[in-house]
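The residues making up each chain are set out below.
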Amino acid sequence: MAHRDIELAVEGMSCASCVGRVERALQAVPGVSGASVNLATERATVQGAVPAQALVEAIGKAGYRATPIDRAAPVGEDEGAARREAERMALGRDVLLAAALALPVFVLEMGTHLVPAMHDWVTQHIGMQRSWLLQFVLTTLVLLFPGRRFHAAGFPALLRGAPDMNSLVAVGTLAAWAYSVVATFAPGLLPAGTVNVYYEAAAVIVVLVLLGRYLEARAKGRTSEAIKRLVGLQATVARVVRDGRAVDIPIAEVAVGDRVEVRPGERVPVDGEVIDGRSWVDESMITGEPVPVEKSPGSEAVGGTVNQKGAFTLRATAVGGRTVLAQIIRLVEQAQGSKLPIQAMVDRVTMWFVPAVMVAALLTFVVWLLLGPEPALTFGLVNAVAVLIIACPCAMGLATPTSIMVGTGRGAELGVLFRKGEALQLLRDARVVAVDKTGTLTEGRPALTDLDVADGFERGDVLRLVAAVESSSEHPIARAIVDAAEAEGIEVPRPGGFESITGMGVRAMVDGRRVEVGADRHMRSLGLDVAGFSPVAERLGREGKSPLYAAIDGRLAAIIAVADPVKPDTPAAIAALHGLGLKVAMITGDNARTAQAIADRLGIDEVVAEVLPEGKVEAVRRLKGAHGRLAFVGDGINDAPALAEADVGIAIGTGTDIAMEAADVVLMSGSLHGVPTAIALSKATIGNIRQNLFWAFAYNTALIPVAAGVLYPAFGILLSPILAAGAMSLSSVFVLGNALRLRRFRPPGMAG
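Residues numbered from 1 in each chain as written. Predicted model: local features only at pLDDT ≥ 70, side-chain atom pairs only at ≥ 80, totals over all residues. Heavy atoms only, no water.

As recorded in an unreviewed UniProt entry, the chain goes by P-type Cu(+) transporter and comes from Luteimonas granuli. The UniProt entry for the chain carries the following comment under Catalytic activity (unreviewed entry): "Cu(+)(in) + ATP + H2O = Cu(+)(out) + ADP + phosphate + H(+)". Quoted verbatim from the Subcellular location (unreviewed entry) field of the UniProt record, the comment on the chain reads "Cell membrane". (UniProt positions renumbered as here; feature names shortened; annotations may be inferred.)

**Considering the UniProt feature "transmembrane region" (unreviewed entry) in the chain**
Feature annotation in UniProt assigns "transmembrane region" (unreviewed entry) to the following positions: residues 95–118, 130–147, 168–190, 196–215, 349–371, 377–400, 693–712 and 718–740. When the span residues 130–147 is considered, its composition is 83% helix and 0% strand, and the gap between its end C-alpha atoms is 24 Å. (Helix = DSSP H or I, 4+ residues; strand = E, 2+ residues; numbered from the N terminus.)

**So, the nonpolar core**
The biggest cluster of nonpolar side chains holds 133 residues, and the ones touching the most others in it are Leu26 and Val665. With 15 residues, helix α26 (residues 674–708) is the single largest residue contributor to this core. Ignoring sequence-local partners within four residues, the contact set of leucine 26 consists of Leu8, Val32, Ala35, Val37, Ala44, Val46, Leu55 and Ile59. Counting 37 residues, the second-largest nonpolar core is a separate cluster that includes Ala485, Val510, Ile560 and Val562. (Core = buried A, V, L, I, M, F, W, Y, C linked by side-chain atoms within 4.5 Å. Buried < 20%, exposed > 50% of the residue type's maximum accessible area, 1.4 Å probe, protein only. Contact = heavy atoms within 4.5 Å.)

**Overview of the pairing of strand β16 (residues 496–501)**
Note: β16 against strand β17 (residues 505–510), four bridges, orientation antiparallel. When the sheet's bridge partners are listed, glycine 496 is paired in β17 with methionine 509. With antiparallel pairing between neighbouring strands as the criterion, β16 and β17 make up a hairpin whose turn holds three residues, including glycine 503 at a positive phi of roughly 75°. (Pairing = 2+ DSSP bridges.)

**Focus on the packing of α26 against helix α28 (residues 721–740)**
Two elements in contact, α26 and α28, have axes whose closest approach is 9 Å; the angle formed by their N-to-C orientations is 170°. With respect to their mutual orientation, α26 and α28 come out roughly antiparallel. Contact with α26, carried on its side by Asn688, Gln691, Asn692, Trp695, Tyr699 and Leu703, involves Ala724, Ala727, Met728, Ser731, Phe734, Val735, Asn738 and Ala739 of α28 and no other residues of that element. Among the residues making up the contact of α26 with α28, the classes are represented as nine nonpolar, five polar and no charged. (Axes fitted to C-alpha atoms, helices over the stretch in contact; angles between N-to-C directions. Parallel < 35°, antiparallel > 145°, perpendicular 65-115°, else oblique. Nonpolar A, V, L, I, M, F, W, Y, C, P; charged D, E, K, R; others polar.)

**Things to note about the pairing of strand β19 (residues 547–552)**
Taken across its six residues, β19 has five buried, putting it largely inside the fold. Here six bridges tie β19 to strand β20 (residues 555–563), and the two strands are oriented antiparallel to one another. The residue bridging alanine 551 from the neighbouring strand is leucine 556, located in β20. Turn length for the β19-β20 hairpin, with the two strands adjacent in sequence and antiparallel, is two residues, and the turn residue aspartate 553 shows positive phi of about 50°.

**Examining the environment of methionine 358**
As for its placement among the helices and strands, methionine 358 is situated in helix α13 (residues 353–371). For methionine 358, a relative accessible area of 18% puts it in the buried group. As a C-alpha pair, methionine 358 and leucine 168 span 190 residues in sequence and 7.5 Å in three-dimensional space. When residues no more than four places from it in sequence are discounted, the contact partners of methionine 358 are Leu158, Pro163, Leu168, Val171 and Leu388.

**What to know about the sheet that holds strand β13 (residues 416–418)**
The strand order across the open sheet built from seven strands is β13-β25-β24-β23-β14-β21-β22, with neighbouring strands paired in mixed fashion. In this open sheet, the two edge strands, each paired with only one partner strand, are β13 and β22 (606–608). Between one strand axis and the next, the sheet turns by 20° as a mean value, whatever way the strands run. One ladder, built from five bridges, connects strand β14 (residues 432–436) with strand β21 (residues 583–587); its direction is parallel. Looking at the pairing, valine 433 lines up with valine 584 of β21.

**Points about the sheet that holds β19**
Here six strands make up an open sheet; going across it, the order is β15-β20-β19-β18-β17-β16 and the pairing antiparallel. Edge positions in the open sheet fall to β15 (447–453) and β16, since each of these has one partner strand only. Each strand axis lies, on average, 20° off the axis of its neighbour in the sheet, ignoring direction. Helix-sheet contacts for helix α21 (residues 534–542) involve β15, β19 and β20, and the interaxial angle to β20 is about 10°.

And the structure:
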């Protein structure tokens, strides 16, 4: 069996210790080389040569349920979405039922303690024994029905020697209930002065923990909204030409090669090549770029983008799970399910956390029983239950994965795809960004940038004649001049007598006029003085451009420059990187003079020029040694070795041509602005994770001793099990709420 990644949906996990147990169960299966489990996404990713059924059985033996996920299937609604929604609804019903049953218990018991008049009323009209019997009935119903989920999962886990959050709640509530039952029905078994009931603690703990889980489930649903939005971009119906007429068919039935009609305002249903018509298409939800892109015959169209006012027909080139949008969704899912290096520390701690809490609760009970004031048994029980309940490690388990889910989802909305979750953490610590020049800083193709004409010549006429001569040449510079003439609507005539002079230039006859184009030495060989263009030539030299000259009928007519122009948004992107405190280096195979001229214009800190592709790897190593952690930005294909050598490789894509295998991060638009966006998002996400972890650990570290009663001897302060349950639930909700703040992340230097 070949090595592959297997994904499983896992049901029944409630806290970080569950994650550790499922991972250990999977890693124990022969043939598994690695396993990663995510609490927030409720998924497991397993590497190795092993049947999926063996993994399902291993998870089953650990006390959880699992089903394999088919990653090759077309991307649709999350398979577990319906199940999670049903679970959320069930939690909502259980919260309401438990609250309705627990409220009379709370009022009867706490009311008699806190309100003297209430105590008198209950004593006179109900009687304490009847009050306890009523509390017994209501609390038993709470534990049997809404609270059954904790006992059904918690005690089997305890018996397997692998207690989890459910075990803590089950043991705590059952201890409070059992003690109260003895006090109600067999008070003689308890020492004098210890006959009290704690039904309200057992009932209200179930209500508060269920409420916390319900709020968690709602917040978890919001963390994956980015995926839902991406899935929602997919069209459900396509208008396909079949047997000479257009018919609407389900998107799943579209085949590669089909002719698909796209009408104004419609979503493009599949990836394809435009073969007829013209329009503008809003690609912002794929690339993050707000400006619509023109589409005409030969253009690539991406499924999920929105057509504007025109209409066009395309030939389907990718359908179903092979479309760009489907690949983006899978990338986001993989990134959301991945683990950061910071998570390893959390996993190590939480693996032993629940057993340690059980021991701490037992010690609390014993210490109070042996050393506490009377009624020592009561104090021991109440404080042990408080320790069990306060210490549920839900917040620890959710601290990292929820921030990753929201951060990577927000990145996808901005056109930044994290292929690997680790890139989120590594990018935060980048000190230098190394950038490939061609196609990254620049447009990646030569273009006519300058055309200055001598007195007595007209610019459009000179461009027409020069383009006519160059139309017979295959050189990229020649192509750029012809493209410039055509872009200005100039009709380029056919030349006659074309001749190329090696190392000098070209000549031809156009409309009966002799036109010669070449370097300054070619002009001098013709006896022409180029000194009149010296100021322009000097400026072009400073900009790293090599000038060409044109002569018409033996007279010097123009100075011309063709260069690879810098992308319009590159200067702002470089400024944003500097604003983040990063150094920017340029690595290019171009000549040093041209490279330095561009670097000076853009404010780039360091230039490595005239390097071959293999030399880029050595340049990356040297920059890492000099500055520290390095991110390399390239096109993801020619720069694959350098992308691999960098701490984080960032590939600039164009939305349809994405080098997904070459880099850790893919920028869907061709804009360098995605780089500061990715780095700033990395800083925001890791900062959010650190806040969450601090809260989760600080909360447990501070409140477990308080729950155990360390403040009682000095201050007389004890933590009620009910307050413990409320604080535990709030800690998880706080962590989720903090992670959701990342949805409001804004890229640096941009409004939105």
